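# Secondary and tertiary structure notes
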Amino acid sequence: LDNSGRVISVSKALRDKIAEIGVEPEKIRVVYNGIDNEIFKPLNKASTRRELGIAMDKKVILFVGNLKPVKGLIYLIEAFSGIAKGALPNAILIIIGEGELRRELENETKKLMIQNRVYMSGSKPHHEIPKWINACDLFCLPSLSEGMPNVILEALACGVPVVASSVGGIPEILTSTDYGFMVEPEKSEELREALLECLSKSWNREAIREYSSRFSWRNSAEMIYQEITAILSENGE
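Okay, so let's go over this structure. Computed from a prediction, not measured in an experiment: that's the story for all the values here. (Residues numbered from 1 in each chain as written. Predicted model: local features only at pLDDT ≥ 70, side-chain atom pairs only at ≥ 80, totals over all residues. Heavy atoms only, no water.)

### Topic: the pattern of salt bridges
This model, assessed by the stated rule, comprises 12 salt bridges. Measuring nitrogen to oxygen at the nearest pair gives 2.9 Å for the salt bridge that ties Lys45 to Asp137. Of the two residues, Lys45 is situated in helix 2 (residues 45-52) and Asp137 in the loop between helix 5 (129-135) and strand 6 (138-141); the sequence distance between them amounts to 92 residues. Judged by its relative accessible area of 12%, Asp137 is buried. Members of the salt-bridge network, linked through shared partners, are Arg6, Arg29, Glu227 and Glu234. (Salt bridge = Lys/Arg side-chain N within 4 Å of Asp/Glu carboxyl O. Helix = DSSP H or I, 4+ residues; strand = E, 2+ residues; numbered from the N terminus. Buried < 20%, exposed > 50% of the residue type's maximum accessible area, 1.4 Å probe, protein only.)

### What to know about the nonpolar core
The nonpolar side chains of a soluble globular protein tend to be buried, and buried together. Residues Ile61, Leu62, Ile95, Phe139, Leu156 and Leu195 are the most contacted members of the largest nonpolar core, which totals 67 residues. With 7 residues, the single largest contributor to this core is helix 3 (residues 73-87). When neighbours within four sequence positions are excluded, Leu156 is seen to be in contact with Val162, Ile173, Leu174, Tyr179, Ile208, Arg209, Tyr211 and Ser212. (Core = buried A, V, L, I, M, F, W, Y, C linked by side-chain atoms within 4.5 Å. Contact = heavy atoms within 4.5 Å.)

### Concerning the environment of Thr175
Its place among the elements puts Thr175 in the loop between helix 7 (170-173) and strand 8 (180-183). Taking the C-alpha atoms as reference, Thr175 lies 23 Å from Pro130; in sequence the two are 45 residues apart. A polar contact is formed between the side chain of Thr175 and the side chain of Tyr211, at a distance of 3.4 Å. (Polar contact = N/O pair within 3.5 Å; in protein donor to acceptor, adjacent residues only side chain to side chain.)

### Regarding helix 10 (residues 217-234)
Compared with an ideal rise of 1.5 Å per residue, which puts 18 residues at 26 Å, helix 10 spans 26 Å between its outermost C-alpha atoms and is within 8% of the ideal. Following helix 10 by one or two positions, Gly236 adopts a phi angle in the positive range, close to 70 degrees. (Expected span 1.5 Å × (residues − 1).)

### Looking at helix 6 (residues 150-157)
Most of helix 6 sits inside the fold, with 8 of its 8 residues counted as buried. Taken residue by residue, helix 6 has Asn150, Val151, Ile152, Leu153, Glu154, Ala155, Leu156 and Ala157 as its buried positions. Looking one or two residues past helix 6, Gly159 carries a phi angle of roughly 80 degrees, positive in sign.

### Things to note about unusual backbone geometry
Despite not being glycine, Met113 has its phi angle at roughly 60 degrees, a positive value. Of note, Met113 is situated in the loop between helix 4 (102-111) and strand 5 (118-122). Phi is positive for Glu186, close to 65 degrees, though the residue is something other than glycine. Looking at the secondary structure, you find Glu186 in the loop between strand 8 and helix 8 (188-200).

Structure representation (structure tokens):
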């Protein structure tokens, strides 16, 4: 890092960590990851739900990611239990992904008696994820730690609001409650309240989609190109 002309960081949070280990702040640049807006875009909810076998009268919370402790899924299941047994008996939770926690999560849903409301759907091909996102009412990422999670950008690109932990680069994405809500990690009750508020709010999905357009791979590539050009110019090349 010390010998590099530039250090590219995908978030301000990671930039600060790089600076903390002694890298000159002046040569660190933040370039956010992007999404493919031609793949992740709003689709007709009724059509996607029909295709995926999800009833229109369901309130759908979606998680996509690895089933690892750092993703905070145990807190999501605890939060969802309060929703399913109380305010929204028509709510369902769909978990897409595989990992070491699968059996533990399945056992927890049985312990809480919500196994019929939580769907452990396993891994899905990446090209199918836009359908699942468009079929849901909100996307949730209750992680204990994150870098700059592209899956949140992908949800926003589909016009879907997000509830996520305020860790890593997430506060740099969810800059307004017009796009979703943030909660402290490991707080099941706070997460439950945020999920309920998100499900009850009327969202401007076009505005969410429009906001996400700034996170494009073209923008990211252009910024990196500019930095490479600057480095070559500085070196007289």
